[in-house]
Structure formats: structure tokens, C-alpha cells
Amino acid sequence: MTDQSHADTNTAPDAIEFECDLPEPPEKVWRALTVPELLAAWMMPNDISPETGSRFAFAGPEAAIECEIIDAEPERLLRYTWRERQQPGDSARQAGLDSIVTFTLARTVSGGTHLRIVHDGFARTAMPAVAMAGAGCSLSLGSRNPRRPIAANTPLLLLRAA
């Protein structure tokens, strides 16, 4: 693991954070995050183009999730906004999530990838949905114990797609 993998340790108190070491190289992990068909295989259908300033959307289960790329450094950093919108006339549904998702990739000594995923603003809105099956990654929830592992299968699903 390199120092870059922990470059942004000032996470918001309502952020959800995943970290793990993957055997696949950053090039493969980057593809799973930025090729629409590969990203759709583990997340949702989308039209991502990993260029700073580009807009894309995920086809969410209830409404589209609108995103904009804030930073894109191939094989190192991907950061985008995540805005869920209410459907017109759906007053029963809670206001949509308006947050930022950051993926940080760093090559490990063995040639794999240290992956850090931070979703700012997620914990306060989506905590009931965080109970996921284990994959050996750690997850921290903002101001709670940042190294307390809670299982998450997102990175393994990501790599199965690539």
C-alpha cells in the first residue's frame, strides 16, 4: 500500500468508506469503474465517460441518478457527484441523496490495487441498506470507529464485472 491510498483521510461524519487490497492491477479496476458495460454489470446501467466535467446517469430503480465527473485521473482517482431525484408526484419518498463518490486506486507492492471508496453524505440517508455480505474489505462510517470492519461485497462484484 502506498501513502496515496490514504491521501484524503478527512472524511465527512456522514460518509461511508470502503477499503481493501485487490489482486488485480489498477488498470483492470479502473476499467470496472469507467467502462459503461462493466460498471453496469456490478452497479446499474449508465452512460459514464470518465472525463472531468462530463455528465452521466445511472438508471436507478426508482429514478435516474444524475452524476457529474469532478476529477478523473486514469488508474488513480475518480470522483463524481451523485444526485438522486424524486419522481414527480412521489411525495411519500424521502428527498433524494445529493452527495459525492470518490474512488482512489493505488498500486500495491504486489502489483494489485489498494481501493478506497468514499461516499460522502451516504450514511445519514442510507444506513438501513448497508447490511451487505462479507468480502474481506473494511468499511467505516464517518465518526464511528473508522477501522471497525463491516462486511461489504462491492469490490468483489466490481472485479467480477471486469
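Everything below is about the structure printed above this text.
Here the residue index of a chain counts from 1 through its sequence in written order. With pLDDT at 70 or above as the cut-off, local features in this predicted model cover only qualifying residues; side-chain atom pairs require 80 or more to be listed or tallied, and sums for whole chains, interfaces and linings still use all residues. With hydrogens and water excluded, all non-hydrogen atoms of the structure serve as input to the side-chain values.

Q: Which residues make up the packing of aromatic side chains, and what are the values?
A: Working definition: a ring pair exists when centres of Phe, Tyr or Trp rings (six-membered ring for Trp) sit within 6.5 Å. Plane angles under 30 degrees give stacked, over 60 give edge-to-face, the rest tilted. According to the stated counting rule, one finds 5 aromatic pairs in the structure shown. Aromatic side chains Phe56 and Phe58 sit 5.4 Å apart centroid to centroid with 75 degrees between the ring planes, which places their arrangement in the edge-to-face category. Assessed through its relative accessible area of 4%, Phe56 is described here as buried. A ring pair is formed by Phe58 and Trp82, whose centres lie 5.4 Å apart and whose planes are at 40 degrees; its orientation type is tilted. A residue pair is termed long-range when its members are at least 10 positions apart, and Phe58 in strand S2 (residues 55-58) and Trp82 in strand S4 (residues 77-84) qualify at 24 residues. With relative accessibility at 1%, the residue Phe58 sits in the buried group. One aromatic cluster in this structure is built from Phe56, Phe58, Tyr80, Trp82 and Phe103. Here the term buried applies to any residue with accessible area under 20% of the maximum for its type, exposed to any over 50%, and partly exposed to those in between, with areas from a 1.4 Å probe on protein chains only. Helical segments are the DSSP runs of H or I of at least four residues, strand segments are the runs of E of at least two, and each set is numbered from the N terminus.

Q: Describe the pairing of strand S5 (residues 98-107), naming the residues involved and giving the relevant values.
A: Here S5 lies mainly inside the structure; 7 of its 10 residues are buried. The pairing criterion is simple: DSSP has to find at least two bridges between the two strands. Relative to S5, S4 runs antiparallel, the two being bridged by 7 bridges. Residue Trp82 lies in a different strand from S5, and its bridge partner there is Ser99. Pairing geometry for S5 and strand S6 (residues 113-120), over 8 bridges, is antiparallel. Residue Arg107 lies in a different strand from S6, and its bridge partner there is Thr113. Linking two consecutive strands that pair antiparallel, namely S5 and S6, is a turn of 5 residues; a positive phi of about 95 degrees is found at Gly111 within it.

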